[in-house]
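# Structural description and commentary
Each chain, letter by letter, is given below.
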Amino acid sequence: DLYLYNDADAPTTVTLAAKPWGSAANETIVTLTLLPREGKVVRDALFAVFRLEGVARLRFVSFGNGAGTGVRATSRAYTVRPDGGTFGVPLPPLNSFQMAGAGESIELFGVLGGPGFRTNLALVDMTPFADGTNVRVRVEVVGDGGARLDAFDVNVPVAGGIQVDDLFRARGLGDGPPAALLRISPAGGLVGAYATSLDQGTNDAVLVPAALAARD
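These numbers come from a predicted model, not from an experiment.

A separate point is the overall build of the protein chain. If you tally the helices and strands in the protein chain, you get 2 helices and 17 strands. Its C-alpha atoms give the protein chain a radius of gyration of 18 Å, within 12% of the compact-globule value 17 Å for 216 residues. When the backbone C-alpha atoms are referred to their principal axes, the protein chain occupies close to 55 × 45 × 30 Å. The proportion of buried residues among the 216 residues of the protein chain is 37%. Here the analysis covers contacts within the protein chain between residues at least 6 apart in sequence; of these, 71% occur between residues at least 24 apart. As presented, the protein chain carries roughly 11,000 Å² of accessible surface, and 54% of it is formed by carbon and sulfur atoms.

The structure is reproduced here in structure tokens:
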């Protein structure tokens, strides 16, 4: 679901651009207008607005008439249970402090391990337009006491994304440490990241956002 709010006293437009993660196709672009101070919820937005399925990157652009105004946006991905309840995770937009380019790193602190959890890592390149190429990204797993447990490279499609499912077990780290730090260092592009640590009993998810790593 996509949540939109016009933080202005005049009608404001917002441009939404969606592109499947693994595709080099152009974005599908839709423009919506919100009334003054209007809030809007778009249910199942990927299909309802863009007629897409699967996983996609969604960009939004809005210009208000004054400082701090314009359309705010956030989202939630979830599954509906047979009894009508839901489980899922909020997905707020990535900001400039949650993405890195060449020579920079972002870090995700508090990623959960242990037998009761599985952690998925999502990497998204924020370049506006796809060109069919990939950007190489180094992922480091840092455990208790600052010891580096693993390091590996992945290719992320430009203007697309990938998800590394069940990160610790997929990398031969067993259940993983109780809490870990993930360091993401792209060789190019502009890459954002987030992780979800899922309780294997309830399917509740903990969202772990990224932050720019401090430089020495």
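There is more to say, and it comes next.
Time to look at the layout of surface pockets. The computed volume of the largest pocket comes to approximately 1,500 Å³. Those elements giving two or more residues to the lining of the largest pocket turn out to be α1 (45–50), β5 (56–62), β6 (71–80), β7 (86–90), β10 (117–125), β15 (191–199) and β16 (205–209). Of all the elements, β6 adds the most residues to the lining of the largest pocket, at 7 residues. Its residues assigned to classes, the lining of the largest pocket shows 32 nonpolar, 11 polar and 6 charged.

Attention now moves to the side chain of Glu 140. Here Glu 140 lies in strand β11 (residues 134–142). Here the side chain of Glu 140 touches Arg 148 through a polar contact of 3.3 Å, side chain to side chain. Not counting chain neighbours up to four residues away, the residues in contact with Glu 140 comprise Arg 148, Asp 150, Ala 151, Leu 181, Leu 182, Arg 183 and Ser 185.

Next up on the list: the nonpolar core. Judged by nonpolar contacts, the single largest core of 25 residues is most densely connected at Leu 108, Leu 121, Leu 123, Val 137, Val 154 and Ile 184. Mapped by element, the contributors of at least two residues to this core are β9 (106–112), β10, β11, β12 (148–157), β13 (161–164), α2 (167–170), β14 (179–186) and β15. In terms of residues, this core owes the most to one element, β11, which gives 4 residues. With residues near it in sequence (within four places) discarded, Leu 123 still touches Val 137, Val 139, Val 154, Val 156, Gly 160, Gly 161, Ile 162, Ile 184, Val 191, Gly 192 and Ala 193.

A word on the sheet that holds β12. Strands sit in the order β12-β11-β14-β9-β17 across an open sheet of 5 strands; the sheet is antiparallel. One side of each edge strand has no neighbouring strand; the edge strands of this open sheet are β12 and β17 (211–212).

Phi angles above zero are rare outside glycine, and Asp 166 is one such case at about 45 degrees. Checked against the element boundaries, Asp 166 lands in the loop between β13 and α2.

Moving on, we come to the side chain of Gln 98. On the secondary structure map, Gln 98 appears in the loop between β7 and β8 (99–100). Residue class for Gln 98 comes out buried when judged on its relative accessible area of 13%. Excluding its chain neighbours within four sequence positions, the residues that come into contact with Gln 98 are Pro 93, Ile 106, Val 191, Gly 192, Ala 193, Pro 209 and Ala 210.

Glancing now at the packing of aromatic side chains. Counted according to the given criterion, the structure contains 0 aromatic pairs. Across the ring face of Phe 47, the terminal group of Arg 51 is positioned such that the distance to the ring centre comes to 5.1 Å. The residue whose ring lies beneath Arg 59 is Phe 129, and the NZ or CZ to ring-centre distance is 5.9 Å.

Looking now at the pattern of salt bridges. As enumerated under the stated definition, the model contains 16 salt bridges in all. When the shortest N-O distance is used, the salt bridge between Asp 7 and Arg 37 registers 2.5 Å. Separated by 30 residues along the polypeptide, Asp 7 in the loop between β1 (2–6) and β2 (12–20) and Arg 37 in the loop between β3 (28–34) and β4 (39–42) bring together distant segments of the chain. Note on Asp 7: relative accessible area 22%, which makes it partly exposed. Two residues, Arg 169 and Asp 166, come together in a salt bridge whose shortest N-O distance is 2.9 Å. Here Arg 169 falls in the partly exposed class, since its relative accessible area comes to 28%. Shared partners join several salt bridges into a network, and the residues in it are Asp 7, Asp 9, Arg 37 and Arg 72.

Analysis parameters
Residues numbered from 1 in each chain as written. Predicted model: local features only at pLDDT ≥ 70, side-chain atom pairs only at ≥ 80, totals over all residues. Heavy atoms only, no water. Helix = DSSP H or I, 4+ residues; strand = E, 2+ residues; numbered from the N terminus. Rg over C-alpha atoms; globule rule 2.2 N^0.38 Å. Buried < 20%, exposed > 50% of the residue type's maximum accessible area, 1.4 Å probe, protein only. Contact = heavy atoms within 4.5 Å. Areas by Shrake-Rupley, 256 points an atom, 1.4 Å probe, with all protein chains shown as cover. 1 Å grid on protein atoms, 1.4 Å probe; cavity = no way out; pocket = protein on both sides within 12 Å on 5 of 7 lines; lining within 4 Å. Points joined across faces, edges and corners; volume = space filled by probe spheres on them. Nonpolar A, V, L, I, M, F, W, Y, C, P; charged D, E, K, R; others polar. Polar contact = N/O pair within 3.5 Å; in protein donor to acceptor, adjacent residues only side chain to side chain. Core = buried A, V, L, I, M, F, W, Y, C linked by side-chain atoms within 4.5 Å. Pairing = 2+ DSSP bridges. Phe/Tyr/Trp six-rings, centres within 6.5 Å; stacked < 30°, edge-to-face > 60°. Lys NZ or Arg CZ within 6 Å of the ring centre and 35° of its normal. Salt bridge = Lys/Arg side-chain N within 4 Å of Asp/Glu carboxyl O.

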